[in-house]
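The chain contents come next:
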Amino acid sequence: MKTSEIMAKLQAKHPGENEYLQAVQEVLESIEEVYNQHPEFEKARIVERMVEPDRIYTFRVTWVDDRGEIQTNLGYRVQFNSAIGPYKGGLRFHRAVTPSMLKFLGFEQTFKNALTTLPMGGGKGGSDFDPVGKSDDEIMRFCQAFMLELWRCIGPDEDVPAGDVGVGGREIGYLDGMYRKLARQYNTGVLTGKGMTWGGSILRPEATGYGAMYFAHLALAKVGKDLSGQRISLSGFGNVAWGAAKKAVQLGAKVVAISGPDGVCEIPDGITEDMIDYMLVMRASNRNRVEDMADKFPGKAKFTAGKKSWSVPVDIAFPSAFQNELSLEDAQELKKNGCQAVFEISNMGCQPDAIHWMQHNGFLFAPGKAVNAGGVATSGLEMTQNAEHLSWTAAEVDERLHHIMAAIHEQCVKYGTQADGTVDYVKGANIAGFMKVAHAMLEQGTI
Ligand code: 2IT
């Protein structure tokens, strides 16, 4: 296969689907060499089949807002690949959601889930519903209307959604509540990220951020470094940044920046426990303003409008908000200010030219599909507990999460180690995920 030829065909077939094309390009570039050493992959047209989702559901979601006005949004579920297990992946509620965004996320999820060592296929869904400024009642009515359509497309052994941007514990509650009623499945429901008294796994809310810090710890150790004592920046202040901040502080790092769409909050003495707790309050408020942190903790947190976290001097940066949030200029500014490592916790958080530049300018860089896989991995652990009708202790879940992150890191090292001994984590993660899915597809025949 030739990446350029496949990309040209995909571009012609899916014009303007930029996020999707970007995600496919990155994976194909990484795997081209290995792929061409396996004529059986080429014969079975594995790449051509793998880059297209199995199916996409699109549906209208109509609901009534607090003023009594009727609102209509679009809902989607992209079932990308089921070769290694039921479709698995989050739901994103954000005003900018398009099929392209969900296809990129579903494609990434397929390889990420393969890396977790658990039997989960890849999927993603969501809506262009904008949670900003919505009341709790409006969120509930929207979630119920959304599930009224989605429930026909999913099932515990078929497709198991979870949260993503704009979908946290509250939304999962409303969504799963409606699913139970419609499907008459009262045992475990169908979503992961559930509440602790009705089938949720301990540590699922924290897992993406915790897993990211465990991964960073391993990657840093490999080059003789440690998280302890490092100044780090996060972006956003949502569920992912919250879990990452908690674990980073536990491991002795100093979180000196978080951000929002309105700007950056600098915390020169490092984030404290009460500030981490306040991130949850900010998320639940649906205001989507990081300035609220500076208002709540004057003197400790300083807000600057219109700036990103990447303008704050740090040792390590962790993009943890949205795709393409770190540009080439941001990477150059980070370097100028002494930053040496970037770990993506957001999906595709860095722009391709930024990644390329960082890899050639002495950065330790690792991609989202490896770094943030602890979230979906713990969703997988929630599915296992549900199937066993058991709940494990925090210690048990944490130990498994540790093992899984170590296994992911090991796979990246196995497939990404270069001639000079350094690890290309992008290549490593992409090849490892690809090989697993490709072999499964090959063994299952032409379907
Ligand atoms: O991007 C992700 O891995 C998620 N949003 C979590 C998916 C899941 O099924 O837990």
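Definitions and limits used
- Residues numbered from 1 in each chain as written.
- Predicted model: local features only at pLDDT ≥ 70, side-chain atom pairs only at ≥ 80, totals over all residues.
- Heavy atoms only, no water.
- Near = heavy atom within 4 Å.
- Polar contact = N/O pair within 3.5 Å; in protein donor to acceptor, adjacent residues only side chain to side chain.
- Helix = DSSP H or I, 4+ residues; strand = E, 2+ residues; numbered from the N terminus.
- Nonpolar A, V, L, I, M, F, W, Y, C, P; charged D, E, K, R; others polar.
- Expected span 1.5 Å × (residues − 1).
- Buried < 20%, exposed > 50% of the residue type's maximum accessible area, 1.4 Å probe, protein only.
- Pairing = 2+ DSSP bridges.
- Salt bridge = Lys/Arg side-chain N within 4 Å of Asp/Glu carboxyl O.
- Axes fitted to C-alpha atoms, helices over the stretch in contact; angles between N-to-C directions.
- Parallel < 35°, antiparallel > 145°, perpendicular 65-115°, else oblique.
- Left-handed = near helix turned anticlockwise from the far one by under 90°.
- Contact = heavy atoms within 4.5 Å.

A. Geometry of the site of the ligand. Looking at the ligand, there are 14 residues lining it, with Lys-88, Lys-112, Asp-164, Arg-204 and Ser-379 nearest. Between the ligand and the protein, one listed contact pairs an oxygen atom with a side-chain N or O atom of Lys-88 at 2.7 Å. Interatomic distance of 2.5 Å between a side-chain N/O atom of Ser-379 and an oxygen atom of the ligand. Sorting the residues of the shell around the ligand by element identifies β3 (87-93), α5 (99-115), β5 (159-163) and α15 (373-388) as the ones contributing at least two each. Residues that form the shell around the ligand fall into these classes: two nonpolar, seven polar and five charged.

B. Representation of helix α17 (residues 425-443) within the structure. Its 19 residues place the ends of α17 27 Å apart at the C-alpha level, agreeing with the 27 Å of an ideal helix rising 1.5 Å per residue. For α17, a buried count of 14 out of 19 residues is recorded, marking the element as mostly surrounded by other parts of the structure. The N-capping residue of α17, defined by a side-chain oxygen 3.1 Å from the backbone nitrogen of Val-426, is Asp-424. Immediately downstream of α17, the backbone of Gly-445 shows phi near 80 degrees, a positive value.

C. Quick peek at the pairing of strand β8 (residues 263-266). In this structure, strand β7 (residues 254-260) lies alongside β8, joined through four bridges in antiparallel fashion. Bridge assignment links Ser-259 to a residue of β8, and that residue is Val-264. Adjacent in sequence and paired antiparallel, β7 and β8 are bridged by two residues. As paired strands, β8 and strand β9 (residues 302-305) are joined by four bridges and run antiparallel to one another.

D. Summary view of the pattern of salt bridges. For the coordinates displayed, the defined rule picks out 26 salt bridges. Glu-52 serves as the salt-bridge partner of Lys-13, at 2.9 Å between the closest nitrogen and oxygen. Separated by 39 residues along the polypeptide, Lys-13 in helix α1 (residues 3-13) and Glu-52 in the loop between α4 (46-50) and β1 (55-64) bring together distant segments of the chain. For Lys-13, a relative accessible area of 54% puts it in the exposed group. Note that Asp-164 is salt-bridged to Arg-92, the shortest N-O span being 2.6 Å. Taken together, the residues span a long stretch of sequence, with Asp-164 in the loop between β5 and α7 (169-183) and Arg-92 in strand β3 at a distance of 72 residues. You can call Asp-164 buried: its relative accessible area is 18%. For Arg-92, a relative accessible area of 2% gives the class buried. Within the structure, one salt-bridge network assembled from shared partners comprises Arg-287, Arg-289, Glu-291, Asp-292 and Asp-295.

E. Spatial organisation of unusual backbone geometry. If you check the backbone angles, Arg-45 has positive phi at about 50 degrees while not being a glycine. Positive phi, normally seen in glycine, also occurs at Met-348, with a value near 55 degrees. Topologically, Met-348 is positioned in the loop between β11 (341-343) and α13 (352-359).

F. Seen up close, the packing of α15 against helix α16 (residues 394-416). At a minimum axis distance of 10 Å, the contact between α15 and α16 shows a crossing angle of 130 degrees. By the angle between their directions, the pair α15 and α16 is classed as oblique. Helix-helix and strand crossings are classified by hand; for α15 and α16 the assignment is right-handed. Counting all contacts with α15, which are made through Ala-373, Gly-374, Ala-377, Thr-378, Leu-381 and Gln-385, the residues of α16 involved are Val-397, Arg-400, Leu-401, Ile-404, Met-405 and Ile-408. Looking at the contact of α15 with α16, its residues break down into eight nonpolar, three polar and one charged.

G. Region of interest: the sheet that holds β8. Pairing is mixed across the open sheet formed by seven strands, whose spatial order is β9-β8-β7-β6-β10-β11-β12. A single partner strand is all that each edge strand has here, and the edge strands are β9 and β12 (364-366). For this sheet the average axis-to-axis angle between neighbouring strands, irrespective of direction, equals 15 degrees. The pairing of strand β6 (residues 231-234) with β7 spans three bridges and is parallel. Each residue of the ladder has a partner; that of Ser-233, found in β7, is Ala-257.

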